[in-house]
Amino acid sequence: MKKRRKGISLPTQILLALVLGVVVGILLYGQDDLKNYIQPFGDVFLHLIKMIVVPIVFCSLAISIAGAGDMKTVGRYGWKTLLYFEVITTVAIGLGIIFANVFKPGSGIDPTKLPKGDVSKYTTNAEAASSSTYGNHMIDTIVGIIPTNIIDSMAQGQLLPVIFFSVFFGLGIAAVGKRAEPVKLVLEGVLDVIFWMTNQIMKYAPIGVFAFMAVTVMTFGVSALIPLLKLTLVVVGAMIFFILVVLGGVAAICKINIFHLLRILKDELLLAFSTSSSETVLPSIMNKMEKFGAPKEIVSFVVPTGYTFNLDGSALYQSIAALFIAQMYGVQLSLTEQLILLLTLMLTSKGMAAVPGTSIVVLITTLTAMGLHPEGLALIIGIDRILDMSRTVVNVVGNALSTLVIAKWENRLDYEKGRKYYETYVK
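Worth saying up front: this structure is predicted, and the values here are computed from it rather than measured. (Residues numbered from 1 in each chain as written. Predicted model: local features only at pLDDT ≥ 70, side-chain atom pairs only at ≥ 80, totals over all residues. Heavy atoms only, no water.)

Trainee: Whenever I open this one, the overall build of the protein confuses me. Can you help?
Mentor: Of the regular secondary structure elements, the protein holds 19 helices and 0 strands. Scored against the burial criterion, the 427 residues of the protein give a buried share of 52%. Here the analysis covers contacts within the protein between residues at least 6 apart in sequence; of these, 85% occur between residues at least 24 apart. Of the roughly 19800 Å² that the protein leaves accessible, carbon and sulfur atoms contribute 65%. (Helix = DSSP H or I, 4+ residues; strand = E, 2+ residues; numbered from the N terminus. Buried < 20%, exposed > 50% of the residue type's maximum accessible area, 1.4 Å probe, protein only. Contact = heavy atoms within 4.5 Å. Areas by Shrake-Rupley, 256 points an atom, 1.4 Å probe, with all protein chains shown as cover.)

So, in structure tokens, the structure goes:
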């Protein structure tokens, strides 16, 4: 009997696609007309992923909350999750300010010699976000969590209203009891089908990764990094430090080896980095964190919520970028002003959670509020794609770890299950 030949594994295919995309991008740099033929292949992959995100969040969260069974448990998950998110993102912002002060990435750069990018679409989003219904962005966000039309919210991919409805729906299933069992069975069946679809979609991932990387390099070219190399190195260095030291420290408190977590997530981190989208790995993260020992209902609640409220990489980047622009224009900020910057970033990042292009929009709003030359963002927008790839990796690691933190806080983290999964995974 002939043995079936093993093909190239999906992670290897993705890595090869990434390298090939960079090479092709370098060779075709400046050929803007060709981007219109390559970009659609990446967009198709992103659209396929976005297509399944909302059904996965709704079905998994509703099933998990129905299993949790009562409002008190769900409420406890909620306040612990939001408290942890607030603390860890504040630490990220603070760390970014420290790195920017120590390494001063904006000093010595002549802003007149940097190419300008187009920030008009982000400015439009910032202006739209500034028109507050209740005079307070945070209140707007809280009210906006409750959907007026859940179908419309699902169609627009608004995760916060979907999460609210899913939790409410799950509590309803639990309250109704046996009569709602058929509904629960239907949701479980739908979820199984969606995960099958996910596995099929992931086979297309290498093509999507190739397209994203090729277009990225074709757009700005390697030479565009040179004037802003110091900023890039500071941002990447700060993010590596944040993962290994800050998140590593949090993991150690929970008796988890951060390197074990990174090894388990290596495929997802590569995919998220290549596509600059954490949505591409949402189904896989939920699946792996459950196998790593976190209860399903905690994973289903924490991960989708974290995609809106726990953007550690974005928070870290925003604080460095804000001080970079201030340094570039020779603006010296006192300690008090930097503390105000930290508080402003905390509030604006949470108050604009659902705004497209959140990181840049938050920066525009924050810089405008503090009089720190918001037009300076046009000078770093050219390499924002590279920086976005880096901060997406941090966001993914932070959200994966948060499920384990909340599970540990609830005394429900199954270390033995996690150990067996890791040992099986690395074989």
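Now, onward.
Trainee: Explain the packing of aromatic side chains here, please?
Mentor: Geometry of an aromatic ring pair is reported as the spacing of the ring centres plus the angle between the planes. With the rule as written, the count across this model stands at 10 aromatic pairs. Relative to phenylalanine 168, the ring of phenylalanine 164 lies with its centre 6.0 Å away and its plane at 75°, an arrangement referred to as edge-to-face. Residue phenylalanine 164 and its partner phenylalanine 168 are both found in helix α7 (residues 159-176); the two are separated by 4 residues, about one turn of the helix. Classification of phenylalanine 164 by relative accessible area gives partly exposed; the value is 32%. Residue phenylalanine 168 is classed as exposed on the basis of its relative accessible area of 53%. Aromatic rings pair up to connect Phe58, Phe165 and Phe169 into one cluster. The cationic tip of arginine 391 hangs over the ring face of tyrosine 317; the distance from NZ or CZ to the ring centre is 4.3 Å. (Phe/Tyr/Trp six-rings, centres within 6.5 Å; stacked < 30°, edge-to-face > 60°. Lys NZ or Arg CZ within 6 Å of the ring centre and 35° of its normal.)

Trainee: How should unusual backbone geometry be read in this particular structure?
Mentor: Most peptide bonds take the trans configuration, and most residues that are not glycine carry a negative phi. Backbone geometry at lysine 104 places phi at a positive 45°, although glycine is not the residue there. Examined against the element boundaries, lysine 104 turns out to sit in the loop between α3 (71-103) and α4 (120-130). On the basis of relative accessible area, lysine 104 is assigned to the partly exposed category, the value being 40%. For serine 276, which is not glycine, the phi dihedral falls at a positive 60°. Along the chain, serine 276 falls in the loop between α12 (266-275) and α13 (282-291). For serine 276, a relative accessible area of 12% gives the class buried.

Trainee: Just checking my understanding: could you explain the environment of leucine 18 for this structure?
Mentor: With respect to the helices, strands and loops of the structure, leucine 18 is situated in helix α1 (residues 10-27). For the pair leucine 18 and leucine 271, spaced 253 residues apart in the sequence, the C-alpha separation amounts to 9.1 Å. Beyond its immediate stretch of four places on either side in the chain, leucine 18 contacts Val209, Met213, Leu270, Phe273 and Ser274.

Trainee: Please explain helix α19 (residues 415-426) as it appears in this structure.
Mentor: Given a rise of 1.5 Å per residue, 12 residues ought to cover 16 Å, and the 16 Å separating the end C-alpha atoms of α19 matches this to within 8%. Summarising the contacts, the buried residues of α19 are in contact with α11 (258-264) and α13. Structurally, the start of α19 carries an N-cap: the backbone nitrogen of glutamate 416 is 3.3 Å from a side-chain oxygen of aspartate 414. (Expected span 1.5 Å × (residues − 1). Polar contact = N/O pair within 3.5 Å; in protein donor to acceptor, adjacent residues only side chain to side chain.)

Trainee: Would you explain the pattern of salt bridges in this entry?
Mentor: Think of it this way: side chains of opposite charge can pair up when their charged atoms draw near. In total, this model carries 8 salt bridges according to the counting rule given. A salt bridge links arginine 391 to aspartate 388; the nearest nitrogen and oxygen atoms lie 3.2 Å apart. One end of the pair is arginine 391 and the other is aspartate 388, both in helix α18 (residues 384-409) and 3 residues apart, which spans about a single turn. What makes arginine 391 buried here is its relative accessible area of 3%. Through salt bridges with shared partners, a single network forms among Arg76, Lys80 and Glu410. (Salt bridge = Lys/Arg side-chain N within 4 Å of Asp/Glu carboxyl O.)

Trainee: Got a minute to help me understand the environment of isoleucine 173 in this structure?
Mentor: By the secondary structure assignment, isoleucine 173 is in helix α7. Excluding its chain neighbours within four sequence positions, the residues that come into contact with isoleucine 173 are Ala66, Ala180, Val183, Lys184 and Leu187.

Trainee: Is there a simple way to explain the confidence of the model for the protein in this structure?
Mentor: Detail in the predicted coordinates should be disregarded across regions flagged by low pLDDT. With 86% of its residues at a pLDDT of at least 70, the protein reaches an overall mean of 83. Looking over the protein, one finds the lowest element-wise mean pLDDT in α4, namely 54, and the highest in α11, namely 94. This stretch, residues 351-356, has a pLDDT under 50; its non-local contacts, to residues over four places away or in other chains, come to 16 contacts. (pLDDT = per-residue confidence, 0-100.)

Trainee: What should I look at first to understand the side chain of glutamate 297 in this one?
Mentor: If you trace the backbone, glutamate 297 turns up in helix α14 (residues 296-309). One polar contact links glutamate 297 to arginine 412, side chain to side chain, over a distance of 2.4 Å. What glutamate 297 contacts, discounting residues up to four positions off in sequence, is Ser64, Tyr77 and Arg412.

Trainee: How should I be thinking about the packing of α3 against α18 in this particular structure?
Mentor: To describe two helices that pack against each other, one gives the angle between their axes and the distance between the axes. Running from N to C, α3 and α18 point in directions that differ by 130°, and their axes come no closer than 10 Å. Classed by the angle they form, the pair α3 and α18 counts as oblique. Here α3 runs over α18; the crossing is right-handed. Residues Trp79, Lys80, Thr81, Leu83, Tyr84 and Phe85 of α3 touch α18, and the partners they reach there are Leu401, Ser402, Val405, Ile406 and Trp409. (Axes fitted to C-alpha atoms, helices over the stretch in contact; angles between N-to-C directions. Parallel < 35°, antiparallel > 145°, perpendicular 65-115°, else oblique. Left-handed = near helix turned anticlockwise from the far one by under 90°.)

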